[in-house]
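# Chains, contacts and geometry: an overview
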Amino acid sequence: MRRRIPSITSLLCFEAAAKTEGFARAAEEMNVTQSAVSRQIQILEAFVGQSLFVRSKQRVKLTSAGRNLLAELSPLLEELELTILKTKSHDSAEGSLNIGVYPTLGSRWLMPLIMGPEAEKIRHTLNLVTYLKNPEIDPSLVDLAFAQGDDSWPGYRADRLMSDVLVAAGAPSQFPEPLSDPEALLEHRILQHSTRPLSWQIWFKLQGLKLPRKIIGPMFNQFEMLIDAVKNGHGIAIIPEVLIRKELQQGSLVQVHPFKAADSAYYLLTPEAKIGIVRVERMRTWFLKHMQTFGQPD
């Protein structure tokens with residue numbers, strides 16, 4: 001079905017004339033004659049059945065209908081231009097990439113990976129896009145994304161990267177030795193992550209145990225804040241090992257119980273619409289090849 005819209009040339013001439021307030025200046029911007037601009041605007045006015053300009057000898061001013069059209073049209077033309085640019089670079093091997101990641105995973109795991117010894121082989125500018133929850137991942141904004149969860153990712157190609165190993169962590173000043181009884185941990189202040197409130201329940205379940213009571217304790221919406229609170233002795237928490245590997249190695253955090261296990265994993269996601277784009281596939285291959293250097297062995 002034929003769309004009932006005027007020509008793009010008429011719309012571009014109108015926008016140029018509206019912004020410059022003159023057909024002559026619009027003609028210079030469009031690299032056409034003034035009469036051509038005037039003719040295109042006449043065609044547009046006939047199409048919409050409205051006068052869009054009030055003409056004078058030296059300048060033109062928008063009518064009310066013209067102002068309304070300009071306000072609606074300019075964002076659409078900008079979006080159209082962006083769409084064309086994206087299409088032109090769709091299968092280009094060069095260009096930038098938007099990488100989605102959780103804030104703490106980005107700073108503690110991804111940054112060392114992309115700034116490490118093999119970083120010079122990355123041929124793209126990487127822009128990090130952060131989110132706190134999986135539903136916030138926008139496939140239109142990211143080319144690749146790192147996310148934690150199960151193996152079901154509708155709308156994405158999912159590559160499993162590493163297990164999400166959970167550990168119970170605390171400050172070494174409070175726990176010179178790990179406790180052997182999991183329930184004894186609940187006598188201490190429990191700190192939690194707001195997007196993963198079932199972490200303690202999962203940790204107990206993986207040991208074949210049932211959480212004896214409901215967990216009540218301060219909530220944090222970012223792991224960075226949660227980790228700082230634990231390091232400063234404000235309580236204990238279940239934290240993904242990949243986020244605190246450095247602290248555990250240096251001794252600023254300790255495992256307060258020896259058990260650790262995982263029932264989910266981290267995945268590298270590719271939006272279905274981005275599959276096959278050369279630069280996306282190249283970066284995906286780089287991640288899959290090199291993540292083991294910094295990743296968490298199963």
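What comes next concerns the included structure. (Residues numbered from 1 in each chain as written. Predicted model: local features only at pLDDT ≥ 70, side-chain atom pairs only at ≥ 80, totals over all residues. Heavy atoms only, no water.)

### So, the overall build of the protein chain
Regarding its fold elements, the protein chain presents nine helices and 12 strands. When the backbone C-alpha atoms are referred to their principal axes, the protein chain occupies close to 90 × 40 × 35 Å. Within the protein chain, the fraction of its 298 residues that count as buried is 44%. Expressed as a percentage of contacts within the protein chain between residues at least 6 apart in sequence, the contacts between residues at least 24 apart total 76%. Carbon and sulfur atoms make up 52% of the accessible area of the protein chain, which totals about 16,700 Å². Across the protein chain, the centroid of the 34 positively charged side chains sits 7 Å from that of the 32 negatively charged ones. (Helix = DSSP H or I, 4+ residues; strand = E, 2+ residues; numbered from the N terminus. Buried < 20%, exposed > 50% of the residue type's maximum accessible area, 1.4 Å probe, protein only. Contact = heavy atoms within 4.5 Å. Areas by Shrake-Rupley, 256 points an atom, 1.4 Å probe, with all protein chains shown as cover. Lys, Arg positive; Asp, Glu negative; His and termini not counted. Charge placed at Lys NZ, Arg CZ, Asp CG, Glu CD.)

### Things to note about the packing of aromatic side chains
Applying the stated criterion across every chain, the model contains 10 aromatic pairs. Where tyrosine 102 meets tyrosine 131, the ring centres are 5.5 Å apart and the plane angle is 80°; that geometry is what we call edge-to-face. Of this pair, tyrosine 102 sits in the loop between strand 3 (97-101) and helix 5 (103-114) while tyrosine 131 sits in the loop between strand 4 (126-130) and strand 5 (144-149), and the two are 29 residues apart along the sequence. Of the residues examined, tyrosine 131 reaches a relative accessible area of 4% and is grouped as buried. (Phe/Tyr/Trp six-rings, centres within 6.5 Å; stacked < 30°, edge-to-face > 60°.)

### What about the sheet that holds strand 7 (residues 166-170)?
Strands pair in a sheet through their backbones, by hydrogen bonds, and they do so in one of two ways: parallel or antiparallel. The strand order across the open sheet built from three strands is 10-7-11, with neighbouring strands paired in antiparallel fashion. In this open sheet, the two strands that pair with only one neighbour each are strand 10 (237-240) and strand 11 (254-261). If you compare each strand with its neighbour and ignore which way they point, the axes differ by 30° on average. As paired strands, strand 7 and strand 10 are joined by four bridges and run antiparallel to one another. By the bridge assignment for strand 10, valine 167 is matched with isoleucine 239. (Pairing = 2+ DSSP bridges. Axes fitted to C-alpha atoms, helices over the stretch in contact; angles between N-to-C directions.)

### Here we look at a nonpolar patch on the surface
A cluster of nonpolar residues, Ile8, Leu12, Leu80 and Ile84, forms a patch on the protein surface that exposes about 310 Å² of accessible area. Those elements giving two or more residues to the nonpolar patch turn out to be helix 1 (8-20) and helix 4 (64-88). By the secondary structure assignment, leucine 12 is in helix 1. (Patch = residues over 30% accessible without salt bridge, like charges linked within 9 Å, V, L, I, M, F, W, Y side chains within 5 Å. Salt bridge = Lys/Arg side-chain N within 4 Å of Asp/Glu carboxyl O.)

### A closer look at the pattern of salt bridges
Applying the stated rule across the entire model yields 11 salt bridges. Glutamate 21 serves as the salt-bridge partner of arginine 59, at 2.0 Å between the closest nitrogen and oxygen. Highlighted residues: arginine 59 in the loop between strand 1 (53-55) and strand 2 (60-62) and glutamate 21 in the loop between helix 1 and helix 2 (23-30), separated in sequence by 38 residues. You can call arginine 59 partly exposed: its relative accessible area is 43%. According to the relative accessible area criterion, glutamate 21 is partly exposed, its value standing at 33%.

### So, the environment of threonine 9
Position of threonine 9 among the secondary structure elements: in helix 1. A relative accessible area of 38% places threonine 9 in the partly exposed class. The spatial distance from the C-alpha of threonine 9 to the C-alpha of methionine 30 is 9.5 Å, given a sequence separation of 21 residues.

### Looking at helix 1
Helix length check: helix 1 (13 residues) gives 18 Å between terminal C-alpha atoms against 18 Å at 1.5 Å per residue, within 8%. Just downstream of helix 1, glutamate 21 is the residue with a positive phi angle, here 55°. (Expected span 1.5 Å × (residues − 1).)

### Considerations on helix 7 (residues 223-231)
Restricting attention to buried positions, one finds in helix 7 the residues Phe223, Leu226, Ile227, Ala229 and Val230. Looking straight down helix 7, one finds its buried side chains confined to an arc of 160°; they lie on one side. Contact partners of the buried residues in helix 7: helix 5, strand 7, strand 8 (192-193), strand 9 (219-220) and strand 10. Positive phi appears at glycine 233, one or two residues downstream of helix 7, with a value of about 80°. (Arc of directions from axis to C-beta.)

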